[in-house]
Amino acid sequence: MTGPPPPAPPALRRVLFVTGKLAEPALRRTIAEMAPAFAWEVAVMKITVAALMTTPWIARFLEAAPVDTDLVLLPGLCEGDPAVVAQKVGVPVEKGPKDLRQIPEYFGRATAVREYGAYDIEIVAEVNNAPRLERAAIRREAEHYRSSGADVIDIGCTPGRQFPALADVVRELVDAGMRVSIDSLDPEEIRTAVRAGAELVLSVNGSNLEVARELAGTQTRVVVIPDVGSGIETLVPSVERLDAWGVRYLIDPIVEPIGFGFMRSLERYAETRRRFPRAPLFMGIGNVTELTAADTTGVNALLVAICQELGVRAVLTTEVIPWARGAVREVDVARRLMHHAVTHQTLPKGVDDRLVTLKDAAILAYTETELRELQRPVTDPNFRIFTDRDTITVFNSEKFVRGTDVQEIFSQLGVDEPTHAFYLGRELTKAKLAITLGKTYRQEGALQWGYLTPPDDRGPEHVKLTHASARSRSRRTPRVKNRR
């Protein structure tokens with residue numbers, strides 16, 4: 001799960017930035033303010049809007065890169081494979097960020113990103129109340145968890161409910177290439193699952209410890225927990241016997257829900273770490289995420305940070321409650337972020353923002369002066385839409401409208417064609433949502449929702465006239481002959 005980072009590439013000597021005519025001034029200003037350690041040049045293509053470019057078009061019209069160029073950076077919104085351009089110019093080519101104002105961050109993150117991604121915490125994702133589910137439903141949920149980043153699929157049994165299909169369920173998942181655990185205190189269910197291929201047992205304590213003896217000398221691990229109603233002192237005899245038998249184990253002091261001893265349970269984890277300094281720990285973080293009415297992204301981030309510092313090497317989670325949907329993916333991101341923070345002794349920020357889902361990590365905005373500068377060279381009737389922290393701005397070659405109320409803004413645009421009205425209504429609503437939530441708005445692009453961000457809602461035909469020019473409107477007005 002961990003390994004040495006790839007060797008860092010040599011420092012950049014010269015970067016060629018490719019852009020269109022409209023974005024050239026803002027791009028030059030952004031790079032100059034960044035004061036990069038490398039030399040740089042800007043190649044301005046014969047096109048107004050950079051987003052209209054495709055990589056084959058760039059390859060056709062881009063002249064040779066200057067000598068000593070190490071990187072050609074294309075606009076992030078241009079379509080196509082950068083390799084097409086690289087083949088033409090003979091140097092590495094990348095797409096930059098979708099917003100040119102993120103270029104400093106893009107280069108600032110480069111070194112950290114090369115060293116990012118390792119982790120040492122396993123994700124055990126539970127199929128809750130599996131005996132109540134159809135086999136097909138169990139398989140679908142297991143496949144979902146695996147694709148979300150889970151390392152082990154846990155089959156959660158229901159106390160007092162028979163599970164005749166247990167062996168078949170475990171065997172089916174193992175045959176599909178999944179690692180499987182069994183969540184049960186019942187010795188017979190444990191034996192059945194292990195015989196079928198389960199490699200992890202949740203859980204054993206003084207009440208069923210003898211079943212673990214049968215796993216001596218195997219690769220199957222058990223999670224040892226305190227005896228029911230007792231403290232962590234009951235872990236000591238259980239761990240001693242497992243050690244004597246040669247059974248592999250993780251220790252779970254049990255994290256409690258908030259309001260039922262959550263803080264005391266964290267203290268138990270710290271004490272367990274002191275008593276068993278080399279033992280891997282286990283934490284069922286679903287006890288918190290499933291039982292706390294809060295978005296799970298931040299909760300998972302904090303819980304995994306605690307696990308990383310304590311030496312917890314496996315966490316159990318699930319996605320039963322609606323607000324916990326996506327929890328496995330969140331934990332997968334969090335374990336990488338917190339591993340990077342702890343091992344590099346750096347803050348968990350500035351390298352991976354995928355857990356920032358509701359609000360953006362930064363709001364990018366132009367001032368009104370900058371927007372009027374952007375409007376000055378515009379000669380077409382297309383509406384451009386921008387937002388800052390509280391205001392929406394819409395302009396084309398003829399109009400410049402600013403406001404906070406979508407309906408008032410729309411009423412000043414003079415749009416009467418249905419498809420244009422629909423387009424502007426959609427974009428203005430999205431812009432208002434961005435302002436409300438504290439997000440960066442980008443016209444025709446999806447809002448950023450962290451790991452939940454969908455693909456951009458744009459395709460090859462994404463740029464269309466959103467409004468006819470005054471001249472076009474006058475041509476469409478029917479002439480009425482004067483009658484005398």
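The structure we're discussing is the one just above.
In this report, we go over the structure that sits alongside the text. Within any chain, residue numbers begin from 1 and follow the written order of that chain's sequence. Two thresholds apply to this predicted model, a pLDDT of at least 70 for residue-level local features and 80 or more for giving and counting side-chain atom pairs, whereas whole-chain, interface and lining totals are computed over all residues. Note that the side-chain values use all heavy atoms of the structure and ignore hydrogens as well as water.

**Some words on the overall build of the protein**
- The helix count covers DSSP runs of H or I at least four residues long, the strand count covers runs of E at least two residues long, and both are numbered beginning at the N terminus. Regarding its fold elements, the protein presents 18 helices and 15 strands.
- Each radius of gyration is computed over the set of C-alpha atoms, and the globule rule expresses the reference value as 2.2 Å times the number of residues to the power 0.38. Relative to a compact globule of 484 residues, whose C-alpha radius of gyration would be 23 Å, the protein shows 29 Å and is clearly more extended.
- For the protein, the spread of C-alpha atoms along the three principal axes comes to 105 × 65 × 40 Å.
- Taken across its 484 residues, the protein has 48% of its residues classed as buried.
- Residue pairs in contact within the protein that sit at least 24 positions apart in sequence constitute 61% of those at least 6 positions apart.
- Working note: accessible area of the protein is about 24600 Å², and carbon and sulfur atoms make up 53% of it.
- Charge convention: Lys and Arg are scored as positive, Asp and Glu as negative, and His as well as the terminal groups of each chain are ignored. Every charge is mapped to an atom, namely NZ of Lys, CZ of Arg, CG of Asp or CD of Glu. Separation between the mean location of the 62 positive side-chain charges and that of the 63 negative ones in the protein comes to 9 Å. Whether a residue is buried, partly exposed or exposed follows from its accessible area with a 1.4 Å probe, protein chains only, as a fraction of its type maximum: under 20%, in between, or over 50%, in that order. Here, two residues are considered to be in contact whenever any of their heavy atoms come within 4.5 Å of each other. Throughout, the Shrake-Rupley method with a 1.4 Å probe supplies accessible areas, and for residues the shown protein chains are the sole cover considered.

**Remarks on the sheet that holds strand 2 (residues 39–44)**
- Read from one edge of the open sheet, 4 strands run 2-1-3-4, paired in parallel fashion. What marks the edges here is a single partner per strand, and that holds for strand 2 and strand 4 (93–95). The mean inter-strand angle of the sheet, taken between neighbouring strand axes irrespective of direction, is 25°.
- Strands are labelled as partners when DSSP assigns at least two bridges between them. Note: strand 3 (residues 71–74) against strand 4, 3 bridges, orientation parallel. For leucine 73, the partnering residue across the bridge sits in strand 4 and is glutamate 94.
- The strands touched by helix 1 (residues 24–34) within the sheet are strand 1 (14–19) and strand 2, with strand 2 carrying the most contacts at an inclination of about 175°.
- Where helices are involved, their axes are fitted lines through C-alpha atoms of the stretch in contact, as for all axes, and angles between N-to-C directions lie from 0 to 180°. Against the sheet, helix 3 (residues 82–89) makes contact with strand 3 and strand 4, and its axis sits at roughly 150° relative to strand 4, the strand it touches most.

**Things to note about helix 14 (residues 327–344)**
- Each residue after the first adds 1.5 Å to the expected span of a helix. Taking 1.5 Å per residue as the helical rise, helix 14 with its 18 residues ought to reach 26 Å, and the 25 Å between its terminal C-alpha atoms agrees with that figure.
- Most of helix 14 is tucked away, with 13 of its 18 residues classed as buried.
- At the exit of helix 14 stands glutamine 345, carrying a positive phi of roughly 50°.

**A word on the pairing of strand 14 (residues 392–395)**
- Side chains Ile392 and Val394 project from strand 14 onto one buried face, and the interleaved Thr393 and Phe395 project onto a second face that is buried too.
- Looking at chain direction, strand 13 (residues 384–387) and strand 14 are connected through 4 bridges and run antiparallel. Bridged to arginine 384 within strand 14 is phenylalanine 395.
- The turn linking strand 13 back onto strand 14 is made up of 4 residues.

**What about the packing of helix 7 (residues 166–175) against helix 8 (residues 187–196)?**
- In contact at an axis separation of 8 Å, helix 7 and helix 8 are set at 30° when each is read in the N-to-C sense. Classified by the angle their axes make, helix 7 and helix 8 are roughly parallel. Two packed elements cross with a definite hand, and for helix 7 against helix 8 that hand is right-handed. Seen from helix 7, the contacting residues are Leu166, Ala167, Val170, Arg171 and Val174; seen from helix 8, they are Glu189, Thr192, Ala193 and Ala196.
- The class makeup of the residues in the contact of helix 7 with helix 8 is 6 nonpolar, 1 polar and 2 charged. When describing relative orientation, an angle under 35 degrees is termed roughly parallel and one over 145 degrees roughly antiparallel, while 65 to 115 degrees is termed roughly perpendicular and anything else oblique. Put simply, a crossing is left-handed when the front helix is turned counterclockwise from the back one by less than a right angle, and right-handed when it is turned clockwise. Gly is put with the polar residues, along with every residue not named as nonpolar or charged; the nonpolar set is Ala, Val, Leu, Ile, Met, Phe, Trp, Tyr, Cys and Pro, and the charged set is Asp, Glu, Lys and Arg.

**Section: unusual backbone geometry**
- For the peptide bond that leads from leucine 202 to serine 203, omega is 10°, which places it in the cis range.
- Relative to the elements of secondary structure, serine 203 occurs in strand 8 (residues 200–204).
- Even without being a glycine, alanine 35 presents a positive backbone phi close to 50°.
- Secondary-structure assignment places alanine 35 in the loop between helix 1 and strand 2.
- In this structure alanine 35 comes out as exposed when scored by relative accessible area, which is 57%.
- Positive phi outside glycine occurs at glutamine 345, with the angle close to 50°.

**Some words on the sheet that holds strand 14**
- Overall, antiparallel pairing links the 3 strands, which are arranged 13-14-15 in an open sheet. Either end of the sheet is taken by a strand with one partner, and the two such strands are strand 13 and strand 15 (400–403). Across the sheet, the axes of successive neighbouring strands diverge by a mean angle of 15°, strand direction being ignored.
- Alignment of strand 14 against strand 15, held across 4 bridges, turns out to be antiparallel. Its bridge partner lying in strand 15, valine 394 is registered against valine 401.
- Helix 15 (residues 368–375) rests against strand 13, strand 14 and strand 15 of the sheet, and its axis sits at about 155° to strand 15.
- Each of strand 13 and strand 14 is contacted by helix 17 (residues 418–437), which is oriented at about 15° to strand 13, the strand it contacts most.

**Some remarks on the pairing of strand 5 (residues 122–127)**
- For strand 5, a buried count of 6 out of 6 residues is recorded, marking the element as mostly surrounded by other parts of the structure.
- Neither face of strand 5 is left uncovered, since the one carrying Glu122, Val124 and Glu126 and the one carrying Ile123, Ala125 and Val127 both have all their residues buried.
- Examined bridge by bridge, strand 5 and strand 12 (residues 312–317) share 4 bridges and lie parallel to one another. When the sheet's bridge partners are listed, glutamate 122 is paired in strand 12 with alanine 314.

**Let's talk about the packing of helix 11 (residues 262–275) against helix 13 (residues 296–310)**
- The contact between helix 11 and helix 13 brings their axes to 10 Å, and the two run at 20°. Between helix 11 and helix 13, the angle falls in the class roughly parallel. With respect to the hand of their crossing, helix 11 and helix 13 are arranged in right-handed fashion. Two secondary-structure elements touch here, helix 11 through Phe262, Leu266, Tyr269, Ala270 and Arg273 and helix 13 through Leu303, Ile306 and Leu310.
- A class-by-class count of the residues in the contact of helix 11 with helix 13 yields 7 nonpolar, no polar and 1 charged.

**Regarding the nonpolar core**
- Judged by nonpolar contacts, the single largest core of 67 residues is most densely connected at Ile155, Val222, Leu242 and Ile251.
- Here this core gets 6 residues from one element, more than from any other, and that element is helix 14.
- Discounting chain neighbours no more than four positions away, the residues touching leucine 242 are Leu209, Ala212, Val222, Val224, Val247 and Tyr249.
- In this description, a nonpolar core means a group of buried Ala, Val, Leu, Ile, Met, Phe, Trp, Tyr and Cys residues linked to one another through side-chain atoms lying within 4.5 Å. Counting residues in each nonpolar core, the second largest holds 22 residues, with Phe17, Leu27, Leu73 and Val378 among its members.

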